[in-house]
Amino acid sequence: MATVSPAAAPGAARSAVPAGERGATRIADRVVAKIAAQAAREALRDASTAHTDAHASVTVRRRDGRRDFGEARVRVAVELGYPCDIGSQCGAVRRQVTRRVRELAGMSVPEVAVQVERLHSPQTERTARGRVR
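Residues numbered from 1 in each chain as written. Predicted model: local features only at pLDDT ≥ 70, side-chain atom pairs only at ≥ 80, totals over all residues. Heavy atoms only, no water.

Visitor: Explain the nonpolar core here, please?
Guide: Within soluble globular proteins, side chains that are nonpolar generally end up buried alongside one another. Val74, Val76, Val93, Val97 and Val101 are the most contacted members of the largest nonpolar core, which totals 23 residues. Broken down by secondary-structure element, the contributors of at least two residues to this core are helix 2 (29-46), strand 2 (71-81), helix 3 (86-105) and strand 3 (108-120). The dominant element in this core, judged by the number of residues it contributes, is helix 2, at 7 residues. (Core = buried A, V, L, I, M, F, W, Y, C linked by side-chain atoms within 4.5 Å. Buried < 20%, exposed > 50% of the residue type's maximum accessible area, 1.4 Å probe, protein only. Helix = DSSP H or I, 4+ residues; strand = E, 2+ residues; numbered from the N terminus.)

Visitor: Where do I start with the environment of Pro83 in this structure?
Guide: Checked against the element boundaries, Pro83 lands in the loop between strand 2 and helix 3. Here Pro83 falls in the exposed class, since its relative accessible area comes to 68%. Pro83 sits 36 residues away from Leu119 along the chain, and the two C-alpha atoms are 8.4 Å apart.

Visitor: Quick question: what am I supposed to make of helix 3 here?
Guide: Owing to its 3.6 residues per turn, the α-helix brings residues three or four apart onto one side. Compared with an ideal rise of 1.5 Å per residue, which puts 20 residues at 28 Å, helix 3 spans 28 Å between its outermost C-alpha atoms and is within 8% of the ideal. When helix 3 is considered as a whole, its buried residues turn out to be Gln89, Cys90, Gly91, Val93, Gln96, Val97, Thr98, Val101 and Ala105. Close packing links the buried residues of helix 3 with helix 2, strand 2 and strand 3. Positive backbone phi, at 70°, marks Gly106, one or two positions downstream of helix 3. (Expected span 1.5 Å × (residues − 1). Contact = heavy atoms within 4.5 Å.)

Visitor: Just checking my understanding: could you explain the side chain of Gln96 for this structure?
Guide: You can see Gln96 is positioned in helix 3. Residue classification places Gln96 among the buried residues on the basis of a relative accessible area of 12%. Residues within four places of Gln96 in sequence aside, it is in contact with Ala39, Glu42 and Ala43.

Visitor: Just to check I follow, could you spell out the packing of helix 2 against helix 3 for this structure?
Guide: Each pair of packed helices can be summarised by the angle the axes make with each other and by the distance between the axes. Across the interface, helix 2 lies against helix 3 with an axial gap of 8 Å and an inter-helix angle of 135°. The angle between helix 2 and helix 3 places the two elements in the oblique class. Relative to helix 3, helix 2 is oriented so that their crossing is right-handed. Only Gln89, Ala92, Val93, Gln96, Val97, Arg100, Val101, Leu104 and Ala105 of helix 3 make contact with helix 2, whose side of the interface consists of Val32, Ile35, Ala36, Ala39, Ala40, Glu42, Ala43 and Leu44. Taken together, the residues of the contact of helix 2 with helix 3 break down into 13 nonpolar, 2 polar and 2 charged. (Axes fitted to C-alpha atoms, helices over the stretch in contact; angles between N-to-C directions. Parallel < 35°, antiparallel > 145°, perpendicular 65-115°, else oblique. Left-handed = near helix turned anticlockwise from the far one by under 90°. Nonpolar A, V, L, I, M, F, W, Y, C, P; charged D, E, K, R; others polar.)

Visitor: How should the environment of Arg95 be read in this particular structure?
Guide: Along the chain, Arg95 falls in helix 3. Residue classification places Arg95 among the exposed residues on the basis of a relative accessible area of 58%. For the pair Arg95 and Ala43, spaced 52 residues apart in sequence, the C-alpha to C-alpha distance is 8.5 Å.

In structure tokens form, the structure reads like this:
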């Protein structure tokens, strides 16, 4: 059985460069915002509400020396169908955004602020077409 010395290993030449000089992968804020918005739409789709929409704005904080890709504080604006359990839907959005940003971007998400921009009810939809009786 042959032994391979560590110097002859296939990745030995690449590991000789110090970590600080190898570069780093940085996830753009707009990418994190797109991931967060898509995750919010997924959470709302799972809740099966009639009218749902979501968009996100993201603040990314990066810290040197951390193993992950930083920290994202996310603000998501949603539109919901009404009547619904607004609190549980906002909670579902928070959980899904946190999970998906961690999975796809490798970032920790200590804060997800969910803002309900608009509520859609069947009565207001009928009002747009004519009088409600």
